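Examining the three-dimensional arrangement
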Amino acid sequence: MNLHVPDLAPEAPPVRTTCPYCGVGCGVLARPDGEGGARVEGDPDHPANFGRLCSKGSALGETLSLGDRVLHPSIDGARATWDAALDAVATGFRRAAAAHGPESVAFYLSGQLLTEDYYVANKLAKGFLGTPHVDTNSRLCMSSSVAAHRRAFGSDTVPGCYEDLDGADLLVLVGSNTAWCHPILFRRMLDARAKRGTRIVTIDPRRTQTGEESDLFLGLKPGTDSTLFSGLLVHLADHGALDTRYVADHTAGYDLALERARRIAPSLAATADATGLAEDDVARFFELFRTTERAVTCYSQGVNQSAQGTDKANAIINCHLATGRIGRPGMGPFSLTGQPNAMGGREVGGLANMLAAHMHFLPEEVDLVRRFWGAPNIITGEGMKAVSLFEAIERGKIRALWIMGTNPAVSMPRADRVRAALSRLDTLVISEAIAGTDTLRARNAIVLPALAWGEKDGTVTNSERRISRQRRFLAPPGEARADWWALAQVGQRLGFAKSFAWPNAAAVFREHAALSGFENAGTRDFDLSGVAEITDAAYDSTAPIQWPLPRKAKSGQARLFAEGGFFTRDRRARFVAVQAPKLADATSAAFPLRLNTGRVRDHWHTLTRTGKSPRLSAHRAVPFCEIHPDDAAAHGLAEGDLARVRTPYGAAVLEVVVTPGAQKGLLFAPMHWSEANTSSGRVGALAQGAVDPVSGQPELKATPAAIAPEPYRSRGYLITRDPVEAPQGWWWARATLEGGTGLIFATQEGAAEAGALMQALFPGASLSQYADPACGVYRCAAFEDGRLVGAMALAPAAERPSWDAAKAFFRTQELLEPTARRALISGRAESAGTGPLVCACHTVGLGTIEATIKAGAHSVEAVGAACKAGTNCGSCIPEIRKLLAAALAPSPA
Ligand SMILES: Nc1nc2c(c(=O)[nH]1)N[C@H]1C(S)=C(S)[C@@H](COP(=O)(O)OP(=O)(O)OC[C@H]3O[C@@H](n4cnc5c(=O)[nH]c(N)nc54)[C@H](O)[C@@H]3O)O[C@H]1N2
Ligand SMILES: Nc1nc2c(c(=O)[nH]1)N[C@H]1C(S)=C(S)[C@@H](COP(=O)(O)OP(=O)(O)OC[C@H]3O[C@@H](n4cnc5c(=O)[nH]c(N)nc54)[C@H](O)[C@@H]3O)O[C@H]1N2
Ligand code: SF4
Ligand SMILES: [Mo]
């Protein structure tokens, strides 16, 4: 169903906008088709991607349909007008504030909001409602990096830019699966390797696709990064590799930091021992770092999402300060941000420990912001961070909450508890674009329909401090409105009409830029005053800009700190003496393993958007758990089995993936699946969430865990044109397919029950069936007027029928040939498929690629030429390379 009103003529020039997924911030050209859809391609002029898009960006056009959108406001399930819903929000907040004080109202925001949305939310809460309790999913994402920047630089400043990746001779990737999570930056890194021989070192307990592509992979024990980088600092000091001038002129605290590092990692041997790495590997890494001046260290969630995430980041920054490798071309510590606007959220001050525009709570800062806003109720100190915030909700201390652009019932650690806590609130407001999320299902709420990508208008900031426009190219569907508008309306209803009266997003942006420059004589890093008077027209047409961009500056600044100038009082950076690493909870007999969680290549977070794309849903179709072969054997598990993974906080049933890339003792499961798309694959429920003492960021990578087989009698798939409810008792995961939707399932039932189910699902249809109850096999295709409407296969669990071939028959609505009809139920179809998807852009499966290699395509280019795999976005090239290596390896005989 497409309800988008035709907005722009199909022939109109493309709209320049920005990808709404990761923090790389790629430029996108969108060509609306006039029917609510659009063709997208990379913007060749955008300095983040120069025309490239990864698999997720390339498939954006598949996520624009309106069938599952929230299209009008509702109150406790009943449709309401915007006026009524906004009145209800204002009344709820006013009531909570009157009865329990303004601090009983809270906001839980998102790094996927636009800067303009974020700015208005922050201003409303911190200046007018008078509550400090504004936090965001960025707490789970990069708050440890923010804290580390502040400790080292006195400000939350990313010192470098993407060109440093092109110009580095050494790239160290710490706790980052860059190949899958920042694919376009990874392409730039591989280009650098091809052009200048850049070496890539990956540090991660799992051998990820990124690790596979690296020159050196260090599979360290979880949580031990601070030891490794302490060892590196000691090595640099002992080998005369310091930049003594830089240390003397621009830093403080070196001696203490080195002394602490020596205690944590006194020698190479001690470092190797504590990190579980081979001494040779550690030595090679240290030497590479010592001898390569142009070195960039990139880090993301393996560093941030950790009970000592801030220390990990500071241990890395220490090594760059000690060598003066910061702010110069091809050098620097580089926090890769996750969400498209993680940086924008930091700029407006949307974290509980910030006030606004990179200012905190010094009395003069509070006074400055108060005067600028004309704020009657300015807050004077920090609010609660995400984990504490939800605990306070559980205790009844927070009575009203506005959730915007995030799905905490899935993504918060201890997600079961978080979901239950929501029922304690008197007023819950949820601004959402997609219906049926786990958070929306958690309880009744005031639901406000948000604009989605393609409909929204505003700005986002990427990892290199570059602000790009997200531009509207589709008409707002239904009654959906901009998030900033809804927030401003509530501000007006609470009696602050004048302060919340912006006519458009450009006006909000101007105010935000003006605040950054207000009484800022170079003492605050974040300064956008150069665009504080930008006209509506210029805002509409602006090219990406980098900050700082002070008044009168001709352009933004690409790098900072090459010659010091830090934002501490004495303008010196600080070395930080870090603590010896220790994971929050020890493993035990009951929970002998650890659960690491993260991401897969083609899915985004809780699947509300990538889950709509058949191509993106094919790469990984079920929630799974990676395990080392030895652990699998010890627990009686084989590839493809289902296993129950338990932690002290929750449990999930996941498909087992046995891989030597997993570290012994460490499980890995993706965070993506929710109750909306699987019976029990919601991994957030299992995460411990012990918080980092400095940043408050929860640990999501090392929860003590147990695993055991979860046997089922049968496995199978069910494909239908429209979604159907899975029967009680099934384990299932749902994926979007071309022309249909599919359930991969496991059940204690057999052929007879499967047959009965198909009869019930398709009462008027003609069923072609094959049943062998004795062997537990059942296959069925359902036709209505000759059109294929359903297909099912069920077999004993060990056989796991694959749907790869059957899926293909749903791509068309045409009548099927008799041979195709026979193939569908003969079981032959199963083996005729092309196997699991590797290339999402050209829909090329594993089987096809293997056959292509066998037929003589012996390079990535040759495979591409023969079957197109890897020729569009390139996200799958690492996987193709791996298949080539496996196929072409000399056989042992
Ligand atoms: N495809 C895809 N891309 C995305 C996203 C997505 O959902 N899907 N989300 C975006 C967002 S918001 C974010 S934050 C980023 C995250 O991007 P990444 O940080 O690259 O992704 P993760 O998979 O969460 O974790 C990275 C790695 O940290 C490793 N790790 C775990 N523990 C440790 C440790 O103790 N030390 C070290 N060194 N490594 C460890 C994990 O094994 C994992 O491989 O991705 C962004 N890009
Ligand atoms: N176990 C585990 N948990 C994790 C992580 C992990 O690695 N492991 N990673 C953490 C990290 S780094 C992150 S960033 C979080 C992400 O976790 P979430 O932010 O909870 O995940 P999303 O699915 O991106 O949720 C965004 C929601 O906003 C909705 N939405 C989309 N566009 C708009 C809009 O314009 N306005 C509004 N109002 N709503 C919109 C989407 O439909 C979706 O429901 O997860 C965290 N949780
Ligand atoms: S790397 Fe991919 S997901 Fe990230 S911004 Fe670029 S196209 Fe979007
Ligand atoms: Mo994130």
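Residues numbered from 1 in each chain as written. Chains lettered and ligands numbered in written order. Predicted model: local features only at pLDDT ≥ 70, side-chain atom pairs only at ≥ 80, totals over all residues. Heavy atoms only, no water.

For the protein, an unreviewed UniProt entry supplies the name Nitrate reductase and the organism Methylobacterium oryzihabitans. The annotation that UniProt attaches to the protein under Sequence similarities (unreviewed entry) is "Belongs to the prokaryotic molybdopterin-containing oxidoreductase family. NasA/NapA/NarB subfamily." (UniProt positions renumbered as here; feature names shortened; annotations may be inferred.)

1. A few points about the overall build of the protein
Summing up its helical and strand segments, the protein has 33 helices and 34 strands in all. For 893 residues, the compact-globule formula gives about 29 Å, and the C-alpha radius of gyration of the protein, at 27 Å, lands near that figure. For the protein, the spread of C-alpha atoms along the three principal axes comes to 80 × 70 × 55 Å. Counting all 893 residues of the protein, 63% fall into the buried class. (Helix = DSSP H or I, 4+ residues; strand = E, 2+ residues; numbered from the N terminus. Rg over C-alpha atoms; globule rule 2.2 N^0.38 Å. Buried < 20%, exposed > 50% of the residue type's maximum accessible area, 1.4 Å probe, protein only.)

2. Examining the site of ligand 2
Contacts to ligand 2 come from 31 residues, most closely from Asn-137, Ser-411, Glu-432, Lys-456 and Thr-606. Backbone polar atom of Ser-431 to a nitrogen atom of ligand 2: 2.8 Å apart, as the coordinates give it. Starting from 920 Å² of accessible surface for ligand 2 in isolation, the protein chains cover 98%. Sorting the residues of the shell around ligand 2 by element identifies strand S15 (427–432) and strand S21 (593–598) as the ones contributing at least two each. Taken together, the residues that form the shell around ligand 2 break down as ten nonpolar, 16 polar and five charged. There are two domains that each give the shell around ligand 2 at least three residues, and those are domain 1 (74–140 + 341–453 + 475–500) and domain 3 (593–709). (Near = heavy atom within 4 Å. Polar contact = N/O pair within 3.5 Å; in protein donor to acceptor, adjacent residues only side chain to side chain. Areas by Shrake-Rupley, 256 points an atom, 1.4 Å probe, with all protein chains shown as cover. Nonpolar A, V, L, I, M, F, W, Y, C, P; charged D, E, K, R; others polar. Domains from an automatic or database assignment.)

3. With respect to the site of ligand 1
The full set close to ligand 1 counts 35 residues, and Asp-204, Gly-223, Asp-225, Gln-301 and His-603 are the nearest of them. Separating an oxygen atom of ligand 1 from a backbone N or O atom of Gly-223 is a distance of 2.6 Å. Residue His-603 places a main-chain N or O atom 2.6 Å away from a nitrogen atom belonging to ligand 1. For the shell around ligand 1, the secondary structure elements donating two or more residues are helix H6 (178–181), helix H14 (301–304) and S21. Its residues assigned to classes, the shell around ligand 1 comprises eleven nonpolar, 16 polar and eight charged.

4. Quick notes on the nonpolar core
One finds Phe-93, Phe-107, Val-120, Trp-373, Trp-402, Trp-502 and Leu-528 to be the most contacted residues of the largest nonpolar core, which totals 69 residues. Broken down by secondary-structure element, the contributors of at least two residues to this core are helix H2 (82–100), strand S6 (105–109), helix H3 (115–129), helix H17 (363–373), strand S14 (400–404), strand S16 (446–449), helix H22 (483–493) and helix H23 (505–517). Per-element accounting of this core gives the leading share, eight residues, to H3. Not counting the four nearest positions on each side in its chain, Leu-528 is found in contact with Ile-467, Phe-509, His-512, Ala-513, Ser-516, Trp-547 and Leu-549. Ala-257, Leu-258, Phe-566 and Ala-573 belong to the second-largest nonpolar core, a separate cluster that totals 51 residues. (Core = buried A, V, L, I, M, F, W, Y, C linked by side-chain atoms within 4.5 Å. Contact = heavy atoms within 4.5 Å.)

5. As for the packing of aromatic side chains
Under the counting rule described, the total for this entry stands at 26 aromatic pairs. Arranged with centres 5.0 Å apart and planes meeting at 80°, the rings of Phe-128 and Phe-500 form a pair that is edge-to-face. Linking Phe-128 in helix H3 with Phe-500 in the loop between H22 and H23, this pair joins segments that are 372 residues apart in sequence. Each member of the pair Phe-128 and Phe-500 is classed as buried. (Phe/Tyr/Trp six-rings, centres within 6.5 Å; stacked < 30°, edge-to-face > 60°.)

6. Some words on the UniProt feature "domain: 4Fe-4S Mo/W bis-MGD-type" (unreviewed entry) in the protein
Sequence positions flagged by UniProt for "domain: 4Fe-4S Mo/W bis-MGD-type" (unreviewed entry) are, in local numbering, residues 12–68. Counting secondary structure, residues 12–68 comes out at 7% helix and 26% strand; the distance between its end C-alpha atoms is 28 Å.

7. Some remarks on H23
With 13 residues, H23 extends 19 Å from end C-alpha to end C-alpha; this agrees with the ideal 18 Å at 1.5 Å per step. Here H23 lies mainly inside the structure; eleven of its 13 residues are buried. Among the residues of H23, Ala-505, Ala-506, Ala-507, Val-508, Phe-509, Glu-511, His-512, Ala-513, Leu-515, Ser-516 and Gly-517 are the ones counted as buried. Positive phi appears at Glu-519, one or two residues downstream of H23, with a value of about 50°. (Expected span 1.5 Å × (residues − 1).)

8. A short note on the pairing of strand S8 (residues 170–174)
The element S8 is largely enclosed, with a buried count of five among its five residues. Inspection of the sheet shows S8 paired to strand S9 (residues 199–203) by five bridges, in the parallel sense. By the bridge assignment, Val-172 is partnered in S9 with Val-201. Where S8 meets strand S12 (residues 295–299), five bridges bridge the pair, whose relative direction is parallel. Its bridge partner being in S12, Leu-170 is matched across the sheet by Ala-295. (Pairing = 2+ DSSP bridges.)

9. Section: the side chain of Asp-225
The residue Asp-225 is located in helix H9 (residues 225–238) in this model. The contact partners of Asp-225, leaving out residues within four places of it in the chain, are Val-174, Ile-203, Leu-220, Gly-302 and Lys-312.

10. So, the sheet that holds strand S5 (residues 78–79)
Read across the open sheet, the seven strands follow the order S5-S4-S16-S15-S14-S6-S7; overall the sheet is mixed. The open sheet has two edge strands, S5 and strand S7 (134–136), and neither has a second partner. For S14 and S15, the ladder comprises five bridges, and the chain directions are parallel. Looking across to S15, one finds that Ala-400 is bridged to Thr-427. Across the face of the sheet, H3 comes into contact with S6 and S7 while running at roughly 160° to S6. Against the sheet, helix H18 (residues 386–394) touches S6, S7 and S14, its axis set at about 135° to S6. (Axes fitted to C-alpha atoms, helices over the stretch in contact; angles between N-to-C directions.)

11. Digging into the packing of H2 against H22
Contact geometry for H2 and H22: axes closest at 9 Å, N-to-C directions at 60°. Accordingly, the angle class assigned to the pair H2 and H22 is oblique. When the axes of H2 and H22 are compared, the crossing they make is right-handed. Only Trp-485, Ala-486, Gln-489, Val-490 and Arg-493 of H22 make contact with H2, whose side of the interface consists of Trp-82, Asp-83, Leu-86, Asp-87, Val-89, Ala-90 and Arg-94. (Parallel < 35°, antiparallel > 145°, perpendicular 65-115°, else oblique. Left-handed = near helix turned anticlockwise from the far one by under 90°.)

12. Digging into the domain arrangement of the protein
Assigned domains of the protein: these are domain 1 (74–140 + 341–453 + 475–500), domain 2 (143–335), domain 3 (593–709), domain 4 (714–826) and domain 5 (837–888). Here the C-alpha centre of domain 4 lies 50 Å away from the C-alpha centre of domain 2.

13. Some words on the environment of Gly-870
Mapping Gly-870 onto the fold places it in the loop between helix H32 (860–867) and helix H33 (877–888). The exposure class assigned to Gly-870 is buried, which follows from its relative accessible area of 14%. It is 23 Å that separates the C-alpha atoms of Gly-870 and Thr-659, two residues lying 211 residues apart in sequence. The contacts of Gly-870, once residues within four sequence positions are left out, are Cys-839, Cys-876, Ile-877 and Ile-880.

14. Quick notes on the side chain of Glu-511
In this fold, Glu-511 is placed in helix H23. Taking the relative accessible area as the measure of exposure, Glu-511 reaches 18% and is therefore buried. A polar contact is formed between the side chain of Glu-511 and the side chain of Lys-123, at a distance of 2.8 Å. Polar side-chain contacts of Glu-511 include one of 2.8 Å to the side chain of Trp-502.

15. Quick word on the state of the cysteines
A complete count under the given rule lists zero disulfides for this structure. The thiol of Cys-161 is not disulfide-bonded; the next cysteine sulfur, from Cys-298, is found 12 Å away. Residue classification places Cys-161 among the buried positions, given a relative accessible area of 3%. (Disulfide = S-S within 2.5 Å.)

16. Digging into unusual backbone geometry
The residue after Trp-547, namely Pro-548, is reached through a cis peptide bond having omega 0°. Tracing the backbone shows Pro-548 in the loop between strand S19 (545–546) and strand S20 (573–574). In this model, Leu-607 sits at a positive phi of 70°, which is unusual for a non-glycine residue. Mapped onto the elements of the fold, Leu-607 is located in the loop between S21 and helix H25 (614–619). Accessibility expressed as a relative area gives 8% for Leu-607, which makes it buried. Of note, the phi angle at Lys-868 is positive, near 75°, even though the residue is not glycine.

17. Here's the deal with the sheet that holds strand S1 (residues 15–18)
Taken in spatial order, the three strands line up as S1-S2-S3 in an open sheet, and their pairing is antiparallel. Of all the strands in the sheet, the pair left with one neighbour each is S1 and strand S3 (38–42). With direction set aside, neighbouring strand axes in the sheet form an average angle of 35°. The sheet contact formed by strand S2 (residues 27–32) and S3 spans five bridges and is antiparallel. What sits directly across from Val-28, in S3, is Gly-42.

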